[in-house]
Protein chains: 2
Amino acid sequence: MQFYKDGFRGGSPDVRQAAPHRRNRGVNEPLPDAVDVLIAGTGPAGLCLAAQLAQFPDIETMIVERMPCNIVKGKADGINTRTMEMLQAFGIAEKVKRETCWVNQTAFWMPDPANPQHIRRVGRVQDVADDSSEMPHILINQARLHELFLEAMKNAPARLEPDYSWEVVGLTIDPATDDHPVTVTLKDASGVHWWATRTVRANYVVGCDGAHSAVRRAIGGELHGDAAHQAWGVMDILANTDFPDVRQKCLVSSASEGNVLILPREGGYLFRMYVELDKLRPDERAASRKFTQDDMIAAANRILRPYTIDVKEVVWWSIYDIGHAITDRFDDVPAGSDRNPRVFTAGDACHTHSPKAGQGMNVSMQDTFNLGWKLVHVLQGRADASLLGSYSRERLAEARRLVETDHQWSRIMSAPTTQAERDGLEEPRIIRQFKQNLAFTGGTAVQYGTSALVGPATHQALAQGLEIGRRFHSAPVVRLSDVQRMQLGHAAEADARWRLYAFAGRGDSGAPGSPLRRLADWLEQHPDSPVRRHTRPGEDIDAVIDVRAVFQQTFDQLAGEHMPSLLKPKTGRLGLQDHEKVFCVDHKGAGDIFDMRGIRRDSGCVVVVRPDQYVAHVLPLDAHAELSRFFAGVLR
Amino acid sequence: MQFYKDGFRGGSPDVRQAAPHRRNRGVNEPLPDAVDVLIAGTGPAGLCLAAQLAQFPDIETMIVERMPCNIVKGKADGINTRTMEMLQAFGIAEKVKRETCWVNQTAFWMPDPANPQHIRRVGRVQDVADDSSEMPHILINQARLHELFLEAMKNAPARLEPDYSWEVVGLTIDPATDDHPVTVTLKDASGVHWWATRTVRANYVVGCDGAHSAVRRAIGGELHGDAAHQAWGVMDILANTDFPDVRQKCLVSSASEGNVLILPREGGYLFRMYVELDKLRPDERAASRKFTQDDMIAAANRILRPYTIDVKEVVWWSIYDIGHAITDRFDDVPAGSDRNPRVFTAGDACHTHSPKAGQGMNVSMQDTFNLGWKLVHVLQGRADASLLGSYSRERLAEARRLVETDHQWSRIMSAPTTQAERDGLEEPRIIRQFKQNLAFTGGTAVQYGTSALVGPATHQALAQGLEIGRRFHSAPVVRLSDVQRMQLGHAAEADARWRLYAFAGRGDSGAPGSPLRRLADWLEQHPDSPVRRHTRPGEDIDAVIDVRAVFQQTFDQLAGEHMPSLLKPKTGRLGLQDHEKVFCVDHKGAGDIFDMRGIRRDSGCVVVVRPDQYVAHVLPLDAHAELSRFFAGVLR
């Protein structure tokens, strides 16, 4: 963590200096007339966006929520490794890791062939494959995740807080103006303002208002999908059981009583169960069957035989039917139009699916992490508004993949086992599919297609393990200045900046004339350099593009004093030297980043990483012109 | 982390359920008439004690501070590995690790023989030896450490906060009563109460009120010591420099300009320098020489030649002269008396020394971590009040060792280098001594002598790496229930409970008849078992002695369902099953705890660990009678 750059300031470093002239927030304060961004909904999608925008007090952000306060329990609970990597950039991953339950192994239980009325364990799979991510797969109360985002928002320079009890009920867009063209109608949903109606004008509106999204309806979006006609129950319980794997994620298939999914939760006692209830008729909804928590507990006890569950407290429960649905577009631009979007939807507002692959909350946050930096770039005038069109393109493709996989997975989970599986003659299909899905469910399989934001794979061979279009896969390094062992990926914060990692070729120590030095000097001095072109006068040299270097030597073979000046820039109010731009390989056995990520040792390379941690390009160290061109296609 | 044991409760798990009927605290609230423990001073010693006592709302604790609020900057900054291990038990080590500067390497600089007016690096030492601790050596603003303790106090069931502006000015002890025999006189030190005087009666008083301690004076304690007649300056600065090791701990000796100690600090920019100023005359104090921050900056620039420092902001500075001093006893019991103590001193109130070995703050906190659980035991009626006499015995011996080492080290740091050292013909004495001191400065060398609290070394051979009297040296394990990889030492919290780690012999899987099972069943059922004897009716079975087991197998070779019932007790309001008592060896290459700590594989053993994390005893698994005897010597 870097702080005190503008002078010493006591207290928690997570509490950033507040920007002056902030709007007062609170139930008794007036709503603003106009804002830059209005976010509808304080679920994971909305809060992830708000936490990012709150870092920029020059952007006036408002986030409204129809409920009078944060939720306390229930809803989603899975955070995959990819989302954890993102939370690291928000500074909250350590807290999440400490207080949550880690999914280390997933166990599979099936009918015992000797006694099919009883289940037995048939397999166990390491849930996060070695070096698939430096982060764990964790389970957390969704309400608690909200709190951590709310804290991050409140601690940010904008000191952002939700305006509770206000619900978006409609909006109109005036195509004739660029001055806050969206007029949003808000209605007091809790009665504290006597069900008043207010309007707020906004430059951009993001609907994170769930499956019944008013924002989606206002822009003519419709959810298309199907239902599986299968009722499931979910409950968070404090219970005792003789079932031995209750602190592991378990998929349990009984011979004739249906299936159960067990998810151990934070705190060491609580766990969640998804319990298969009855098949529904084609015209029937789960709600109409009036299942109760007692039905669920009884079903779970039947499925888990010979084991039993003795429930001490039902913390939360719900009944739902599986379904998948998706909209045709995530913004307000009709097909065929080339105007720029003003209104977006994210999360459940534009794609819904069954909860059992643990994807919903993750994909929702990744939606707005994709959108956030683009809004910042456009609102700060760093990029043309056409950049915003890429949000729907990139995330719609991803959501379609999700719905498809989820569809397949839901059916596999509900399908009966074969005799060969039960007899142990073949690996159960559910285990095979689970293993195949790991990168997908971990969130690390996402790959954005080639575009202005994602370069062609021409030079992919220079860094085979850092695939263009996929998230930057972190690896261990050592920071030269203080010999700190760390993850390279953790150098990146959710600050809407681009990262440019220059991996030095063999023997290159940054000395004058070396390829790395030539790149650094060009980036610092040449008029065509993207660093110079896209950074404004008076801004820190790393305000838009943050250049870092990784060397093949260990710390004791390099000299910080001989590094190019771009790698030790003087920034901030006091012009203090930055000591955290130069890395070398780990010397204590954690692995060599060049080997781990397939980086060509002879030549090195440059890896361009987007503000949302996706690899935008891989280029040779001397591809100066291509580097200029790439950034010119994105930034002004 | 375990929580929800008494039912679901939302929000941060660090914020524990508040106990009812708490005293109101704040400047407008009346002071209490009587308390169990009155702590004078909110430095590291006082806060560490308060944070521990705050877990026990049945103990009425008051902590007073003469200043009107917490400090903001300055004072100590080093936290050694041993203290980090302790902070882990308070739940704040993760936060500290994240936001502080880690000391990874210590560099040594001396005059360059080719040009003695210039310095050059002569060596570098890994600051925390491999496997000396799982924790780093870190540097932090002392004020921030205070904040973290204050937060822990405030989040604890007692919701403890300091009573600011009140200074202890005197106390008397009435030997005729056991009902709050100490009468403490407090004076308003800031004038908010118009310099009023109040008295509070206490059962115990702990003076953590610094080198000029009024508590020490009131019990007739005197600091004896010597001065080194050498003025040093210390400054926390934001500065640019071409000195390459500014983000590492450095000991710099110049040929003729004196010495400098550099300590990089939190945030990536700030660093501390200790700068040698002039020798003082025998009768002279540093303060009388009127050194300024400019003198210090000028001296640092002379010493660091050819490098220079360009100071942008002096955050804090101070001038002091080295000295060491210690009192004869840390409590109010005169030599030769056998009565039990009522008043204690800790930290600077009973031992002072130079700051440059980074020991002061650490030893101060270890003082009160030693005292805390003893006060809890006695006040809760679990142990006889004679237990409290062990505080002064154990900590006085430790403080003497500290003052001696510090004395030696200060002189080495100020001593001129030899020609052979400068010429590189022999390793400089300062590097040799630094390496020798590492376990001492890390805080892990502390060893308490044999007593009722520390058993004899009769069976030490069963666990050679877990030395009786030294701190429990953690190692990696895997929790069986959820296959969580973790440090065994992190199972312990600062909750005044004893830990009993049963290491199973080869092949023992906890099955009926095995030595481990026999021990567990005896502990659970036998009338002589210390678990049964010292736990009260109605209390959780692990309320006083927390038994855990470690097996030689990996997780996939053990079955939780076959474990003895003592290792899966049902506790708390709801009687929920505990899943966190059974561990196995790491299966992913982190090391085998049996090898790492020299635990006899054929027989296993039992390791008894005190509430302050010190190994109290090592015994064979079947030494049931000795186990009973040991605990009977401590607990009622």
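The sections below set out a description of the structure shown in this document. (Residues numbered from 1 in each chain as written. Chains lettered and ligands numbered in written order. Predicted model: local features only at pLDDT ≥ 70, side-chain atom pairs only at ≥ 80, totals over all residues. Heavy atoms only, no water.)

Points about the overall build of chain A
Part 1 of the reasoning: A tally of helices and strands in chain A yields 14 helices and 27 strands.
Part 2 of the reasoning: Taking 2.2 N^0.38 as the reference for a compact globule, 636 residues should give roughly 26 Å; the C-alpha atoms of chain A span a radius of gyration of 26 Å, in line with that estimate.
Part 3 of the reasoning: C-alpha extents for chain A along the principal axes are approximately 75 × 60 × 50 Å.
Part 4 of the reasoning: Sorting the 636 residues of chain A into buried and exposed places 61% on the buried side.
Part 5 of the reasoning: When contacts within chain A are restricted to residue pairs at least 6 apart in sequence, those whose partners lie at least 24 apart make up 72%.
Part 6 of the reasoning: Carbon and sulfur atoms make up 48% of the accessible area of chain A, which amounts to about 23,100 Å² in all.
Part 7 of the reasoning: Each charge sign in chain A was given a centre, from 75 positive and 81 negative side chains, and these centres are 1 Å apart. (Helix = DSSP H or I, 4+ residues; strand = E, 2+ residues; numbered from the N terminus. Rg over C-alpha atoms; globule rule 2.2 N^0.38 Å. Buried < 20%, exposed > 50% of the residue type's maximum accessible area, 1.4 Å probe, protein only. Contact = heavy atoms within 4.5 Å. Areas by Shrake-Rupley, 256 points an atom, 1.4 Å probe, with all protein chains shown as cover. Lys, Arg positive; Asp, Glu negative; His and termini not counted. Charge placed at Lys NZ, Arg CZ, Asp CG, Glu CD.)

A short note on the environment of Glu167(A)
Residues and elements named next belong to chain A.
Part 1 of the reasoning: Here Glu167 shows up in strand 9 (residues 166-173).
Part 2 of the reasoning: On the basis of relative accessible area, Glu167 is assigned to the partly exposed category, the value being 28%.
Part 3 of the reasoning: Along the sequence, Glu167 and Val35 sit 132 residues apart, while their C-alpha atoms lie 16 Å from each other.
Part 4 of the reasoning: Those residues in contact with Glu167 that sit more than four places away from it in its chain are Arg66, Thr185, Leu186, Lys187 and Ala189.

So, the packing of helix 8 (residues 389-414) of chain B against helix 10 (residues 429-441) of chain B
All names here are of chain B.
Part 1 of the reasoning: The interhelical angle for the contact between helix 8 and helix 10, taken along N-to-C directions, is 160°, at an axis separation of 11 Å. By the angle class used here, helix 8 and helix 10 are roughly antiparallel. Relative to helix 10, helix 8 is oriented so that their crossing is left-handed. Where helix 8 abuts helix 10, its residues Glu398, Arg401, Leu402, Thr405, Gln408, Trp409, Ile412 and Met413 lie against Arg429, Ile430, Gln433, Phe434, Asn437 and Phe440.
Part 2 of the reasoning: For the contact of helix 8 with helix 10, the per-class residue count stands at 7 nonpolar, 4 polar and 3 charged. (Axes fitted to C-alpha atoms, helices over the stretch in contact; angles between N-to-C directions. Parallel < 35°, antiparallel > 145°, perpendicular 65-115°, else oblique. Left-handed = near helix turned anticlockwise from the far one by under 90°. Nonpolar A, V, L, I, M, F, W, Y, C, P; charged D, E, K, R; others polar.)

Structural notes on the sheet that holds strand 19 (residues 476-479) of chain A
Residue and element names in this part refer to chain A.
Part 1 of the reasoning: If you walk across this open sheet you meet the 7 strands as 20-19-25-22-21-26-27, and the pairing is mixed. Sheet topology places strand 20 (484-487) and strand 27 (615-619) at the edges, where each strand pairs with a single neighbour. Strand-to-strand, the axes of this sheet are offset by a mean angle of 30°, without reference to chain direction.
Part 2 of the reasoning: Direction of pairing for strand 22 (residues 545-550) relative to strand 25 (residues 582-584): parallel, over a ladder of 2 bridges. Counted as the bridge partner of Ala549 is Val582 from strand 25.
Part 3 of the reasoning: In the packing of helix 11 (residues 515-525) onto the sheet, the strands contacted are strand 21 (498-503), strand 22 and strand 26 (605-609), and the crossing angle to strand 21 comes to about 155°. (Pairing = 2+ DSSP bridges.)

Brief notes about the interface of chain A and chain B
Part 1 of the reasoning: At the interface, 61 residues of chain A touch 61 residues of chain B.
Part 2 of the reasoning: Of the roughly 5,600 Å² buried between chain A and chain B, counting both surfaces, carbon and sulfur atoms make up 53%.
Part 3 of the reasoning: In terms of surface lost to chain B, no three residues of chain A exceed Phe8(A), Arg98(A) and Tyr269(A), which account for 15% of the buried area on that side.
Part 4 of the reasoning: Applying the counting criterion to the chain A and chain B interface returns 6 salt bridges.
Part 5 of the reasoning: Between Arg98(B) and Asp14(A) there is a salt bridge, and its shortest N-O distance comes to 2.9 Å.
Part 6 of the reasoning: Along the contact surface separating chain A from chain B lie 28 residue pairs in polar contact (both at pLDDT 80 or more).
Part 7 of the reasoning: Residue assignment for the side of chain A that touches chain B shows that the elements contributing at least two residues are helix 3 (93-99), strand 6 (115-126), helix 4 (142-155), strand 12 (224-241), strand 16 (309-326), strand 23 (570-571) and strand 24 (576-577) of chain A.
Part 8 of the reasoning: At 4 residues, strand 12 of chain A tops the list of elements feeding residues into the side of chain A that touches chain B.
Part 9 of the reasoning: Classifying every residue of the side of chain A that touches chain B by side-chain character gives 19 nonpolar, 20 polar and 22 charged. (Buried area = accessible area lost by both parts, 1.4 Å probe. Salt bridge = Lys/Arg side-chain N within 4 Å of Asp/Glu carboxyl O. Polar contact = N/O pair within 3.5 Å; in protein donor to acceptor, adjacent residues only side chain to side chain.)

Some points on helix 7 (residues 360-379) of chain A
Part 1 of the reasoning: Helix length check: helix 7 of chain A, at 20 residues, gives a terminal C-alpha distance of 28 Å against a target of 28 Å (1.5 Å per residue), a fit within 8%.
Part 2 of the reasoning: Counting buried residues along helix 7 of chain A, 19 of its 20 residues qualify, which places the element largely inside the surrounding structure. (Expected span 1.5 Å × (residues − 1).)

A word on the pairing of strand 13 (residues 249-253) of chain A
All names here are of chain A.
Part 1 of the reasoning: Most of strand 13 is tucked away, with 5 of its 5 residues classed as buried.
Part 2 of the reasoning: Both strand 5 (residues 105-112) and strand 13 contribute to a ladder of 4 bridges, which runs parallel. Bridging from a neighbouring strand, Ala107 pairs with Cys250 of strand 13.
Part 3 of the reasoning: Two elements, strand 13 and strand 14 (residues 259-264), share 4 bridges in a ladder whose sense is antiparallel. Opposite Cys250, over in strand 14, you have Ile262 as the bridge partner.

Here's the deal with the relation of the copies chain A and chain B
Part 1 of the reasoning: With an RMSD of 0.0 Å, the fit of chain A onto chain B corresponds to turning through 180° and sliding 0.0 Å along the axis. Read as a symmetry element, the transformation amounts to a two-fold axis. Closest approach to the rotation axis within chain A is made by the C-alpha atom of Glu94(A), at a distance of 3.7 Å.
Part 2 of the reasoning: The overlap is high: 100% of the interface residues of chain A also sit at the interface in chain B, so the same surface is used on both sides. (Least-squares fit on C-alpha atoms with pLDDT ≥ 70 in both.)

A word on the sheet that holds strand 7 (residues 138-139) of chain A
Residues and elements named next belong to chain A.
Part 1 of the reasoning: Taken together, the 3 strands give an open sheet; going across it, the order is 3-7-4, and neighbouring strands pair in antiparallel fashion. Looking along the sheet, the strands with just one partner apiece sit at the ends: strand 3 (78-79) and strand 4 (101-102).
Part 2 of the reasoning: The pairing of strand 4 with strand 7 spans 2 bridges and is antiparallel. Bridge assignment links Cys101 to a residue of strand 7, and that residue is Leu139.

Regarding the packing of aromatic side chains
In this description, an aromatic ring pair is defined by two values, namely the gap between the centres and the angle between the planes.
Part 1 of the reasoning: By the definition in use, this model includes 42 aromatic pairs over all chains.
Part 2 of the reasoning: Relative to Phe369(A), the ring of Phe90(A) lies with its centre 5.7 Å away and its plane at 50°, an arrangement referred to as tilted. Note that Phe90(A) is positioned in the loop between helix 2 (81-89) and helix 3 and Phe369(A) in helix 7, a separation of 279 residues in sequence.
Part 3 of the reasoning: The exposure class of Phe90(A) is buried, given its relative accessible area of 12%.
Part 4 of the reasoning: With relative accessibility at 1%, the residue Phe369(A) sits in the buried group.
Part 5 of the reasoning: Between Phe3(B) and Tyr4(B), the aromatic rings sit 4.9 Å apart at their centres with planes inclined by 80°, giving edge-to-face as the arrangement.
Part 6 of the reasoning: The structure contains a cluster of three or more aromatic residues connected by ring pairs, namely Tyr204(A), Phe330(A), Phe344(A) and Tyr391(A). (Phe/Tyr/Trp six-rings, centres within 6.5 Å; stacked < 30°, edge-to-face > 60°.)

Some points on the pattern of salt bridges
Residues and elements named next belong to chain A.
Part 1 of the reasoning: Considering all chains together, one arrives at 102 salt bridges over all chains under this definition.
Part 2 of the reasoning: Between Asp310 and Lys312 there is a salt bridge whose closest N-O contact spans 3.3 Å.
Part 3 of the reasoning: Using a relative accessible area of 35% as the deciding quantity, one classes Lys312 as partly exposed.
Part 4 of the reasoning: Taking the shortest distance from any N to any O, the salt bridge between Arg382 and Glu539 comes out at 2.6 Å.

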